[in-house]
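# A closer look at the structure
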Amino acid sequence: MKQIGMGFLLLAVLLTACETDFEVNALWEETTIVYGLLDQSIDTQEVVIYKAFLGEESAYVMAQEADSIFYAEEELEVFLFGLEGTDTLQSISLDYTLVEGREEGVFSTEYSVVYTTTEQLDASLKYHLWIHNVKTGHVVTSNTNLVEPLDINAGFTDEVTFYKNGEYRDYRLKWESSKYGLIYQPTLRFYYHEKNVNTGTVVRKHIDWDYPQMYVESNNGNENMEAVFSGQSFYYFVLNGLEENNSLHRINAKELEDGFPESDYWTGGIDFLFVVGGEEVAQYIEINNLPNLVFQDPPTYTNIENGVGVFSSRLHASQEGKTLDFLSLKELSEGDLTEDLNFVHP
């Protein structure tokens, strides 16, 4: 097992800036770009499909026109087929979905297009993506298995200890790898409530501590894995994530019954979140040695037949309702690193 310090799960789905002038001296060839991550743990599946553009104008100019990169609404048929061996047990038609506006950049800010479905996926099936251009007859396909559920070790207690007996303590988060899951991104989510002492307003917030991504060689699952969260690093994480403000009092809690009550009414305070990436997206990241989230064109890895891109799977999982123990809360309130953040302790 090794760690990869690079983002992977929230894929950027459009190409980076390119100001190259294309010389159109050959016959036109249709090139379909596909990016999709199926995730049975969420309500809506999305597949982004667009086209390579060739024209007399520069790529920079043509990228400003949405119809230069996106297919028209009736131009594509897009299906997901759930397969068990050679048998098709599920057939899903994806809907053309228009998303108004995009962030400013090289590519068109008029709109973007995704192909979506809210039909529930079956983790026991392999999914075949089928894209048909009804105008040209061009067919693009790909396949992926779904990442199976993640088995997170609950431990013997819901308490998390980062400080005890005058010293920082590491916390070990343990789980078994999922079948078809190769990349793992654990995240510690730290919840807190802020009370403005001048207005009485109470607001819940959170900050996230992303652990370095972890990679396993086998997609068979059941491999023991763990992320070690350093106690001292935890307090630095809180220190760097919040600002000192004497008009704010804070409580590390996910839920409060009413206002800013006694500690008996605090609930939670820490969740552990996971995003697990499938085999194909893991290969894409490793082969391309990506320094960031942006796909380059052309990629050196693709699993799209008659097209370019990546079609894979991911899974969201969580372990919720963890709490800092008494001494860790006391250190949060009184310790040298975080005492000026005005955390209340039991």
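Residues numbered from 1 in each chain as written. Predicted model: local features only at pLDDT ≥ 70, side-chain atom pairs only at ≥ 80, totals over all residues. Heavy atoms only, no water.

### Some points on the sheet that holds strand 18 (residues 224–229)
We apply this condition: Two strands are said to pair when DSSP picks up at least two bridges between them. To qualify as a helix, a DSSP run of H or I must reach at least 4 residues; to qualify as a strand, a run of E must reach at least 2; elements of each kind are numbered from the N terminus.
Sheet architecture is open: 3 strands sit in the order 10-14-18, paired in antiparallel fashion. Edge strands, defined here as strands with exactly one partner in the open sheet, are strand 10 (151–152) and strand 18. The pairing of strand 10 with strand 14 (residues 171–176) spans 2 bridges and is classified as antiparallel. What sits directly across from Ile 152, in strand 14, is Trp 175.

### Considerations on the side chain of Thr 116
Let me state the cut-off plainly: Buried means the residue's accessible area, taken with a 1.4 Å probe over protein chains only, is under 20% of the maximum for its type, while exposed means over 50%, and partly exposed covers the values in between. Throughout, a residue-residue contact means that at least one pair of heavy atoms, one from each residue, lies within 4.5 Å.
Structurally, Thr 116 can be placed in strand 7 (residues 111–117). Residue Thr 116 is classed as buried on the basis of its relative accessible area of 11%. In this structure Thr 116 touches Thr 44, Gln 45, Glu 46, Ser 93, Leu 94, Asp 95 and Thr 97, once residues within four positions along its chain are discounted.

### Here we look at the pattern of salt bridges
This is how the line gets drawn: By salt bridge we mean one thing: a side-chain nitrogen of Lys or Arg within 4 Å of a carboxyl oxygen of Asp or Glu.
Applying the stated rule across the entire model yields 11 salt bridges. One salt bridge in this structure joins Arg 189 and Asp 208, with 2.8 Å as the shortest N-O distance. You can see Arg 189 sitting in strand 15 (residues 181–196) and its partner Asp 208 sitting in strand 16 (residues 202–210), a full 19 residues away along the chain. Across the pair Lys 205 and Glu 194 runs a salt bridge, and its minimum N-O distance is 3.0 Å. Of this pair, Lys 205 sits in strand 16 while Glu 194 sits in strand 15, and the two are 11 residues apart along the sequence. Through salt bridges with shared partners, a single ionic network connects Glu 194, Lys 205 and Arg 250.

### With respect to the environment of Glu 159
Locating Glu 159 in the fold gives a position in strand 11 (residues 159–160). A relative accessible area of 40% places Glu 159 in the partly exposed class. Taking C-alpha positions, Glu 159 is 5.5 Å from Leu 324, a pair spaced 165 residues apart along the chain. Those residues in contact with Glu 159 that sit more than four places away from it in its chain are Tyr 171, Thr 323 and Asp 325.

### Re the packing of aromatic side chains
Going by this rule: A pair of aromatic rings is counted whenever rings of Phe, Tyr or Trp (Trp by its six-membered ring) have centres within 6.5 Å, and the orientation is called stacked for planes under 30 degrees apart, edge-to-face for over 60 and tilted otherwise. Charges are assigned to positions over rings by a cutoff of 6 Å between ring centre and Lys NZ or Arg CZ, combined with an angular limit of 35 degrees from the ring normal.
One pass over the structure, following the stated rule, counts 22 aromatic pairs. Consider the rings of Tyr 96 and Tyr 115, whose centres lie 5.8 Å apart with planes at 80°: the pair is edge-to-face. Of this pair, Tyr 96 sits in strand 6 (residues 95–100) while Tyr 115 is found in strand 7, placing the two residues 19 residues apart along the sequence. Owing to a relative accessible area of 22%, Tyr 96 belongs among the partly exposed residues under this scheme. A relative accessible area of 1% means that Tyr 115 is categorised as buried. With 5.2 Å between their ring centres and 55° between their planes, Tyr 211 and Phe 229 make a pair best called tilted. Here Phe 229 lies in strand 18 and Tyr 211 lies in the loop between strand 16 and strand 17 (213–215), a separation of 18 residues in the sequence. Here Tyr 211 and Phe 229 have matching classes, each one buried. The ring centre of Tyr 71 lies 5.3 Å from the NZ or CZ of Lys 51, which sits over that ring.

### Considerations on the nonpolar core
Selection criterion: Remark: nonpolar core denotes a set of buried residues (Ala, Val, Leu, Ile, Met, Phe, Trp, Tyr, Cys) joined through side-chain atoms within 4.5 Å.
Ranked by size, the top nonpolar core spans 77 residues in total, and within it Phe 162, Trp 175, Leu 188, Phe 190 and Phe 234 carry the most contacts. For Phe 190, the contacting residues outside a window of four places in its chain are Lys 205, His 206, Ile 207, Phe 234, Phe 237, Val 238, Asn 252, Gly 269, Leu 324, Leu 332 and Phe 343.

### Considerations on the environment of Ser 218
Quick reminder of the rule: Think of a polar contact as two N or O atoms within 3.5 Å of one another; within protein, one of them needs to be a possible hydrogen donor and the other a possible acceptor, and neighboring residues in sequence only count if both atoms come from side chains.
Summarising the element assignment, Ser 218 is placed in the loop between strand 17 and strand 18. Separated by 36 residues in sequence, Ser 218 and Leu 182 place their C-alpha atoms 7.0 Å apart. Leaving out residues up to four positions away in the same chain, Ser 218 has contacts with Gly 181 and Leu 182. In terms of polar contacts, Ser 218 uses its side chain to reach the side chain of Asn 220, at 3.0 Å.

### Structural notes on a negative patch on the surface
Operational definition: Patches here: salt-bridge-free residues with over 30% relative accessible area, like charges joined within 9 Å, nonpolar side chains (Val, Leu, Ile, Met, Phe, Trp, Tyr) joined within 5 Å. In short, Shrake-Rupley with a 1.4 Å probe defines the accessible areas, and a residue's cover is counted only from the protein chains shown. We score Asp and Glu as negative and Lys and Arg as positive, and we do not count His or the chain ends. Where a charge lies is defined by one atom per residue type, namely NZ (Lys), CZ (Arg), CG (Asp) and CD (Glu).
On the surface, Glu 244, Asp 336, Glu 339 and Asp 340 cluster together into a negatively charged patch. Within the secondary structure, Glu 244 sits in the loop between helix 2 (231–241) and strand 19 (248–251).

### Quick notes on the pairing of strand 23 (residues 308–324)
A large share of strand 23 lies buried, amounting to 12 of its 17 residues. Pairing of strand 2 (residues 32–38) with strand 23 involves 6 bridges; the strand directions are parallel. Across the sheet, the residue bridging to Ile 33 is Val 308, located in strand 23. Pairing between strand 11 and strand 23: 2 bridges, direction parallel. Of the residues in strand 23, the one forming a bridge with Val 160 is Leu 324. Bridge analysis of strand 22 (residues 270–278) against strand 23 gives 7 bridges, and the strand direction is antiparallel. By the bridge assignment for strand 23, Leu 273 is matched with Ser 318.

### Notes on unusual backbone geometry
Its identity as a non-glycine residue notwithstanding, Tyr 180 has a phi of 75°, on the positive side. On the secondary structure map, Tyr 180 appears in the loop between strand 14 and strand 15. Unusually for a residue other than glycine, Asn 306 sits at a positive phi of about 70°. Inspection of the secondary structure assignment puts Asn 306 in the loop between helix 3 (279–288) and strand 23.

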